[in-house]
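Structural characterization, general
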Amino acid sequence: MTFLEFLKDNIVYLDGGMGTLLQQHGLSAGEHPEKWNITHPDIITKIHQDYFNAGSNVVCTNTFGANTLKFSPQELSEIIKAAIDNAKCAREQAKGGQEKFIALDIGPSGKLLKPLGDLDFEDAVSLFAQTVKLGAQYGADLIIIETMNDSYETKAALLAAKENSALPVIVSNAYGEDSKLMTGATPSAMVAMLEGMGADVIGANCSLGPRQLKNVVMELLENASVPVVLKPNAGLPRAVDGKTVFDVTAQEFADDVTDLIKEGVRVAGGCCGTTPQYIAALTEKSRDVLPKEIKQKNITMVSSYTHAVKFGDAPVLIGERINPTGKKRFKQALIENDMGYILNEGVNQQEKGVHILDVNVGLPDIDEVEMLTDAVCSLQTVTNLPLQIDTSDAVAMEKALRRYNGKAMINSVNGKKESMEKIFPLVKKYGGLVVALTLDDNGIPESVEGRFKIAQRILETARQYGIDKKDIIFDTLAMTISADTKSAICTLKSLSRIKKELFCHTMLGVSNVSFGLPERDAVNGTFFALALENGLSAAIMNPYSIDMMKTYYTYKALKNLDENCMEYISVAETFKTVAAESIIDTKKADADSNTNLQYAIIKGFKDKAGELTRALLQNTAPLDIVQNEIIPALNIVGKGFEEKTTYLPQLLMSAEAAKSAFEVIKSKMTSNSTNTDLRGKIVIATVQGDIHDIGKNIVKLLLENYGFSVVDLGKDVPPEKIVDTVVELHAPLVGLSALMTTTVPAMEETIKRIKEAAPWCKCVVGGAVLTQEYADKIGADKYAGDAMETVRYAQSL
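About the criteria used
Residues numbered from 1 in each chain as written. Predicted model: local features only at pLDDT ≥ 70, side-chain atom pairs only at ≥ 80, totals over all residues. Heavy atoms only, no water. Patch = residues over 30% accessible without salt bridge, like charges linked within 9 Å, V, L, I, M, F, W, Y side chains within 5 Å. Areas by Shrake-Rupley, 256 points an atom, 1.4 Å probe, with all protein chains shown as cover. Salt bridge = Lys/Arg side-chain N within 4 Å of Asp/Glu carboxyl O. Lys, Arg positive; Asp, Glu negative; His and termini not counted. Charge placed at Lys NZ, Arg CZ, Asp CG, Glu CD. Helix = DSSP H or I, 4+ residues; strand = E, 2+ residues; numbered from the N terminus. 1 Å grid on protein atoms, 1.4 Å probe; cavity = no way out; pocket = protein on both sides within 12 Å on 5 of 7 lines; lining within 4 Å. Points joined across faces, edges and corners; volume = space filled by probe spheres on them. Nonpolar A, V, L, I, M, F, W, Y, C, P; charged D, E, K, R; others polar. Core = buried A, V, L, I, M, F, W, Y, C linked by side-chain atoms within 4.5 Å. Buried < 20%, exposed > 50% of the residue type's maximum accessible area, 1.4 Å probe, protein only. Contact = heavy atoms within 4.5 Å. Pairing = 2+ DSSP bridges. Axes fitted to C-alpha atoms, helices over the stretch in contact; angles between N-to-C directions. Phe/Tyr/Trp six-rings, centres within 6.5 Å; stacked < 30°, edge-to-face > 60°. Lys NZ or Arg CZ within 6 Å of the ring centre and 35° of its normal.

A short note on a negative patch on the surface
- Taken together, the side chains of Asp 247, Glu 252, Glu 773 and Asp 776 make up a negatively charged region of the molecular surface.
- By secondary structure assignment, the location of Asp 776 is in helix 30 (residues 772–777).

A word on empty space enclosed by the protein
- Under the defined criterion, the tally for this structure stands at three cavities of 30 Å³ or more.
- Of the pockets and cavities examined, the largest cavity occupies roughly 420 Å³.
- In terms of lining, the largest cavity is formed by 26 residues, of which the most central are Met 18, Gly 19, Phe 64, Glu 146 and Cys 271.
- At the level of secondary structure, the elements contributing two or more residues to the lining of the largest cavity comprise helix 2 (19–24) and strand 4 (142–148).
- For the lining of the largest cavity, a count of residues per class yields eleven nonpolar, ten polar and five charged.

What to know about the nonpolar core
- Among the nonpolar cores identified, the biggest contains 198 residues, and Ile 145, Ile 261, Ile 389, Phe 474, Phe 528 and Ile 630 are the most heavily contacted of them.
- Among residues more than four places away in sequence, those in contact with Ile 261 are Ile 11, Tyr 13, Ala 268, Leu 282, Ser 286 and Val 289.
- Within the second largest apolar cluster, 28 residues are counted, among which are Ile 722, Cys 763, Val 769 and Ala 780.

Some remarks on the sheet that holds strand 14 (residues 356–359)
- On the basis of which strands lie adjacent, the closed barrel formed by eight strands has the order 13-14-15-16-17-18-19-20 and parallel pairing. Within this sheet the neighbouring strands show an average axis-to-axis angle of 30 degrees, counted without direction.
- Here two bridges tie strand 13 (residues 316–319) to strand 14, and the two strands are oriented parallel to one another. When the bridges of strand 14 are listed, Ile 318 appears paired with Ile 356.
- Contacts from helix 15 (residues 394–403) reach strand 15 (387–390) and strand 16 (409–414) within the one sheet, and its direction differs from that of strand 16 by about 155 degrees.

Some points on the packing of aromatic side chains
- Enumeration according to the criterion identifies seven aromatic pairs in this entry.
- Measuring from centroid to centroid gives 5.6 Å for Phe 424 and Tyr 465, while their planes differ by 50 degrees, and the two rings are tilted. Linking Phe 424 in helix 16 (residues 417–430) with Tyr 465 in the loop between helix 17 (448–464) and strand 18 (472–475), this pair joins segments that are 41 residues apart in sequence.
- For the pair Tyr 552 and Tyr 553, a centre-to-centre distance of 4.9 Å together with 70 degrees between the ring planes defines the contact as edge-to-face.
- We classify Tyr 552 as buried; its relative accessible area is 3%.
- A network of ring pairs unites the aromatic residues Phe 3, Phe 6 and Phe 101 as a single cluster.
- Here Arg 329 stacks its cationic end above the ring of Tyr 341, 4.3 Å away from the centre of that ring.
- Its end group placed over the ring of Phe 452, Arg 497 keeps NZ or CZ at 3.9 Å from the ring centre.

Structure representation (structure tokens):
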């Protein structure tokens with residue numbers, strides 16, 4: 001029986017933690033646990049065997065950190081072969097008659113992907129692909145991608161798994177106490193992307209105990225049409241007599257996880273702190289629980305790196321302004337590669353209230369393949385809205401889809417055989433909500449019946465590619481009434497019939513209806529209202545049009561989609577502005593009132609921040625710019641991050657924009673007017689044995705932007721090197737980072753040596769496995785839950 005066959009009708013039990021067990025067997029601080037597959041195969045095999053004996057159906061190979069960032073290609077091959085051989089040996093020796101499978105375990109690379117970090121997306125795919133190929137070659141039954149806290153890296157790993165093997169794939173992410181990933185994604189956003197890409201199981205692991213992950217699990221179950229996996233920690237870690245222990249007992253763990261199995265979790269196991277005793281308690285507690293049926297949710301949604309947008313009762317607005325059609329200035333920006341203009345259009349439309357941004361850069365004079373990908377990637381640095389990738393070039397479409405962080409809208413496919421053969425494979429591979437135009441080789445039918453039949457044919461062809469109708473949204477094509485006054489009626493009737501009989505969502509490019517007419521906004525607004533009443537789900541529209549926005553807000557109020565009419569009341573004053581153009585002027589004035597440089601930094605406009613700083617330096621003292629423009633902007637973003645209204649990508653892009661401004665200032669200041677050492681140097685490092693430096697790099701960037709001088713020793717740094725550097729520089733503060741439970745002892749040892757050799761130095765620590773209590777136990781002066789907390793602590797010193 002294959003894993004997927006077993007999964008269909010059974011609850012699947014995974015294993016538990018590996019790192020804490022290896023520590024109990026003598027894994028030393030800084031030692032790579034993956035090497036134990038070769039040096040201590042008996043111990044690894046025994047741990048796997050104990051999990052099988054406890055009732056696990058699946059054991060995960062000891063390969064969590066096995067990649068070529070840590071090992072040579074030859075070492076990697078030897079480690080993965082040994083890891084799978086150890087698991088196979090354990091399976092042969094294990095007791096119990098349950099089905100038993102071996103999962104190739106893949107953890108995060110430890111790096112942030114560009115533009116937030118220095119690892120290119122395709123390099124990340126290649127990195128994971130090497131591990132995947134070896135796992136498939138040496139006989140793994142399935143792949144589990146786990147503990148991912150960044151949606152983009154998760155996509156890279158899943159893409160590598162799907163492109164380089166035919167094995168089933170479980171994808172599990174590490175959610176924080178706010179029920180989001182480190183980079184901001186909600187569970188529903190991850191469901192949208194991962195399910196669209198073909199993950200077989202989706203879920204959550206690590207970070208927290210089962211009770212703390214309940215909200216995450218319930219959101220996953222509400223949205224996912226595939227099985228959900230849960231691998232929580234045994235609560236929170238603390239240090240007792242130099243050892244790491246956790247605060248949830250085996251029985252408490254079993255009780256809590258069983259409750260969530262009853263809610264619908266299909267695949268369950270444990271992460272940090274759990275042992276074979278935890279899995280035995282879980283299998284015993286849930287022995288008589290029947291697996292809950294996995295139902296198709298039929299949710300039509302797209303996502304960005306932070307959230308999902310669902311199509312339902314409330315209309316979805318898609319901003320149309322990033323499109324050269326009829327826009328002379330936009331065409332000029334494309335030809336001149338003026339990305340700043342494009343980004344500004346995106347940010348302005350988001351501020352006007354659209355939910356999705358259409359991105360069309362098609363011009364004969366440019367390389368659309370490169371420009372579309374650049375535009376998509378760049379827009380995702382300044383806005384967290386989902387994007388609609390709009391192109392007739394299949395090559396450009398694929399490249400942009402591949403690099404998009406989330407589940408995109410795909411505009412478009414139509415009833416032509418050639419179109420469906422090009423676009424549907426991309427939808428199947430990368431996921432997406434595809435816009436289906438009701439036209440074919442014979443053009444656009446003039447009858448409702450003709451457009452309806454094309455829609456039926458598109459749905460049938462999509463099914464042959466394995467694409468469900470929830471991932472298709474039909475555009476019945478608004479034509480200008482100035483050429484045919486009956487065209488709008490046909491469009492609306494076609495839309496209504498598709499919605500009622502095919503149960504599919506619909507959309508229109510609303511403004512097309514008024515081409516060639518005066519006072520176009522009046523026509524567009526009324527047509528929009530008629531379309532909504534006929535079942536329109538989404539509109540590609542101009543958010544600067546007061547008539548369109550009036551229709552949107554009044555429709556929601558009248559349809560009981562605006563509680564207490566609060567949204568309508570909040571924008572009613574805007575409706576007093578007669579011309580849409582004046583709204584644009586108002587928006588510009590608002591941006592100016594917040595000062596251009598502050599606004600550029602807050603929004604993450606890196607190039608613009610540098611340009612504005614150069615202009616300010618002509619009549620403003622450099623330190624005045626720092627104190628009155630840069631630092632206040634960073635404080636605004638930092639406060640938003642602390643209050644969970646701004647996410648990590650936005651924080652980092654704002655920091656990069658501030659850095660751009662700082663570099664301009666530094667280049668202009670004389671040597672005696674710059675002294676970033678007045679506050680003293682701060683030493684930071686990821687402790688020995690740990691190659692995960694994402695958190696450290698974030699802290700470094702923010703500290704530097706607040707004027708601190710940072711000495712970054714890198715990752716996997718021995719205690720003696722950290723101590724020597726602190727003593728040499730007489731550093732007042734050192735920051736230490738660790739992601740893995742197996743490397744916390746190295747952090748404790750480092751702190752001990754710092755206190756002995758440099759008693760003046762304060763130690764701040766952070767990382768996914770740490771808590772305040774844990775930090776206190778290992779002697780740290782400060783536990784920082786996020787990067788901004790480190791900045792605040794440094795300022796306090």
